[in-house]
Amino acid sequence: MKKTVTTLADGRELIYYDARDDAVRDAVDTRPLDPVSSASEIRYDALLGDSVAIASHRQGRTYHPPADACPLCPSRDGRPSEIPAPEYEVVVFENRFPSLSGESGRCEVVCFTSDHDASFADLTPERAALVLDAWTDRTAELASHPGVEQVYCFENRGAEIGVTLGHPHGQIYAFPYVTPRTALMRHRAAEHRAATGRNLFDDVVARERADGVRVVLENEHWIAFVPYAAHWPYEVHLHPTRRVPDLPTLDEAARTAFPQTYLELLRRFDRIFGPGEPPTPYIAAWHQAPLRGADRTEFGLHLELFTVRRAPGRLKYLAGTESGMGAFMNDVPPETAAERLREVASK
């Protein structure tokens, strides 16, 4: 992998990731951009014990532009974009409209391909491996920034999820605090260790492997299953078979096996609801250990992939119980979801 670091016209960092060592990335951003002005503020909720980012500048962010004005496509024919080069493989750059900035963290955009009409599932294994390299490199780099407590790599796909740019891309957030969901998992892992002497993540994976009925696919290095208490209609958790706390600590064998495994999962997601249905909206979320604490090796890196679509043409909305009380109700039994995801395996 070759990594080329440059800056955009307003001073934001942009990084090209190329599979070829001879790739040359010398295009210059000539847009007349004013310096980015963002004023993210982290406010603490005393009742719930969590934090909220206030980022009013995001109200003016780019919203569903036409394809010929996509800011994530390469620059060409006098139409400059966020990527100065006329083509690219994988690119990461600082978000122009960040939820977190300055002492309140950092937000980055990850473009998986220059093909506006593609999706992650359309990538070659080689390109998916390059994306994994970018996620890993950015996790390690952002972890070194003062004040960062957790690095979160994720992809939102589909208008139903709230995506405002159709180009295939994801994001990376460097949080200045440990997010509530991660804090809860860490707390549960500590309780489990104290009660049993064993690791919680290892025991969860062992239970799913023993039950078998919710396992979607498994190979020597990865296991994917619908969790026993799935919150979402179709939800899959992907774990390396050798527990590690984060992406930089994945071994080479797991890294090599990841692209084919993950691409197969994404392609199955697009087949859940049958032929003729639009692409399945989803969120793909990497859960990594917080950066501090002696217990970080107790955490198990995993990816959670889920969709808000519960049936053709029907979405699961977070209504009164979920939004108001955080009490989830799932219409699709996890065993049924797992069976369906096995049925739509690639031939």
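Heads up: the structure comes first, above all this text.
Because the structure is predicted, anything quoted here is derived from the model rather than measured. (Residues numbered from 1 in each chain as written. Predicted model: local features only at pLDDT ≥ 70, side-chain atom pairs only at ≥ 80, totals over all residues. Heavy atoms only, no water.)

(A) Spatial organisation of the pairing of strand E7 (residues 150-157). Across the eight residues of E7, six count as buried, placing the element largely inside the fold. Sheet analysis places E7 next to strand E8 (residues 169-175), joined by five bridges and oriented antiparallel. Considered in E8, the bridge of Cys 153 is made with Ile 172. In terms of strand pairing, E7 meets strand E12 (residues 282-287) through four bridges, oriented antiparallel. Bridge pairing in E12 links Arg 157 to Tyr 282. (Buried < 20%, exposed > 50% of the residue type's maximum accessible area, 1.4 Å probe, protein only. Helix = DSSP H or I, 4+ residues; strand = E, 2+ residues; numbered from the N terminus. Pairing = 2+ DSSP bridges.)

(B) Here's a closer look at the layout of surface pockets. Estimated volume of the largest pocket: approximately 1400 Å³. Residue lining of the largest pocket: 49 residues in total, with Tyr 152, Phe 154, Asn 156, Gln 171 and Tyr 173 positioned closest to the centre. Counting only elements with at least two residues in the lining of the largest pocket, the list comes to strand E4 (50-54), E7, E8, helix H2 (180-196), E12 and strand E13 (302-307). Estimates place the volume of the second largest pocket at around 750 Å³. Taken together, 23 residues line the second largest pocket, and the ones lying closest to its centre are Arg 181, Met 185, Val 204, His 231 and His 237. Going through the elements one at a time, H2, helix H3 (200-211), strand E11 (234-240) and E13 are the ones with two or more residues in the lining of the second largest pocket. A breakdown of the residues in the lining of the second largest pocket according to their chemical character gives 11 nonpolar, five polar and seven charged. (1 Å grid on protein atoms, 1.4 Å probe; cavity = no way out; pocket = protein on both sides within 12 Å on 5 of 7 lines; lining within 4 Å. Points joined across faces, edges and corners; volume = space filled by probe spheres on them. Nonpolar A, V, L, I, M, F, W, Y, C, P; charged D, E, K, R; others polar.)

(C) Geometry of the packing of aromatic side chains. Tallied over the entire structure, the rule returns 19 aromatic pairs. For the pair Trp 232 and Phe 328, a centre-to-centre distance of 5.4 Å together with 70 degrees between the ring planes defines the contact as edge-to-face. Highlighted residues: Trp 232 in the loop between strand E10 (222-225) and E11 and Phe 328 in the loop between helix H5 (320-325) and helix H6 (334-343), separated in sequence by 96 residues. A residue is classified by how much of its surface remains accessible, and Trp 232, at 12% relative accessible area, is buried. Phe 328 sits in the partly exposed class, given a relative accessible area of 29%. Here the aromatic cluster, defined as three or more aromatic residues joined through ring pairs, consists of Phe 112, Phe 120, Trp 135, Trp 222, Phe 258, Tyr 262 and Trp 286. One cation-aromatic arrangement involves Arg 207 over Tyr 228; the distance from NZ or CZ to the ring centre is 3.9 Å. (Phe/Tyr/Trp six-rings, centres within 6.5 Å; stacked < 30°, edge-to-face > 60°. Lys NZ or Arg CZ within 6 Å of the ring centre and 35° of its normal.)

(D) Expanded view of the environment of Arg 296. Topologically, Arg 296 is positioned in the loop between E12 and E13. With sequence-adjacent residues up to four places away left out, Arg 296 is seen in contact with Pro 245, Asp 246, Ala 289, Pro 290 and Leu 291. Within the structure, the side chain of Arg 296 is placed 3.0 Å from the side chain of Asp 246, a separation counted as a polar contact. (Contact = heavy atoms within 4.5 Å. Polar contact = N/O pair within 3.5 Å; in protein donor to acceptor, adjacent residues only side chain to side chain.)

(E) Local environment of the packing of H2 against H3. Remark: H2 packs on H3, axes separated minimally by 8 Å, with the N-to-C direction vectors making an angle of 85 degrees. Of the possible angle classes, the one that applies to H2 and H3 is roughly perpendicular. Seen from H2, the contacting residues are Met 185, Arg 188, Ala 189 and His 192; seen from H3, they are Leu 200, Phe 201 and Asp 203. Class assignment of the residues belonging to the contact of H2 with H3 gives a composition of four nonpolar, one polar and two charged. (Axes fitted to C-alpha atoms, helices over the stretch in contact; angles between N-to-C directions. Parallel < 35°, antiparallel > 145°, perpendicular 65-115°, else oblique.)

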